[in-house]
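Now for the letters of each chain:
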Amino acid sequence: MSTKISPIPLIVALCAAEIASMPGVAAFPALLPTFIGEWQLTNTDAGWINGIYFAGYLAVGFGEYEGGKHVVGHGGASHSRS
């Protein structure tokens, strides 16, 4: 007798994890006008800060694949898996 496991809980969990991770990406750009006023930044300063912020996301995206192996980073440590 085979037991069939429903993929629905996994799909729901992955969707919830994706939604939970999105505020971190959107929070800084949304708060940038406040930072400009509070920190008395020029538009150039704000552009540099915002660019560096997103360059970090780009670096993480490129860092996931290293030497043909998928590399998963956890808190600055990388763990390779084939």
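Residues numbered from 1 in each chain as written. Predicted model: local features only at pLDDT ≥ 70, side-chain atom pairs only at ≥ 80, totals over all residues. Heavy atoms only, no water.

## A look at helix α1 (residues 8–39)
Then, number 1: Counted at 1.5 Å a residue, the expected span for α1 with its 32 residues is 46 Å, and the 46 Å between its end C-alpha atoms agrees.
Then, number 2: At L32, α1 shows its maximal bend, which comes to roughly 50°, and the proline P33 appears one to four places after that position.
Then, number 3: All of the buried residues in α1 are F28, L32 and F35.
Then, number 4: Of the residues flanking the end of α1, it is Q40, one or two places downstream, whose phi is positive at about 50°. (Helix = DSSP H or I, 4+ residues; strand = E, 2+ residues; numbered from the N terminus. Expected span 1.5 Å × (residues − 1). Bend = angle between axes of the 7 residues up to and from the residue. Buried < 20%, exposed > 50% of the residue type's maximum accessible area, 1.4 Å probe, protein only.)

## Section: the environment of I36
Then, number 1: Along the chain, the position of I36 falls in helix α1.
Then, number 2: Residue I36 is classed as partly exposed on the basis of its relative accessible area of 24%.
Then, number 3: For I36 and A46, which are 10 residues apart along the polypeptide, the C-alpha to C-alpha distance reads 6.7 Å.
Then, number 4: Contacts of I36, omitting those with residues within four sequence positions, involve L41, N43 and A46. (Contact = heavy atoms within 4.5 Å.)

## Comments concerning unusual backbone geometry
Then, number 1: Phi angles above zero are rare outside glycine, and Q40 is one such case at about 50°.
Then, number 2: Take Q40: it is sitting in the loop between α1 and α2 (43–63).

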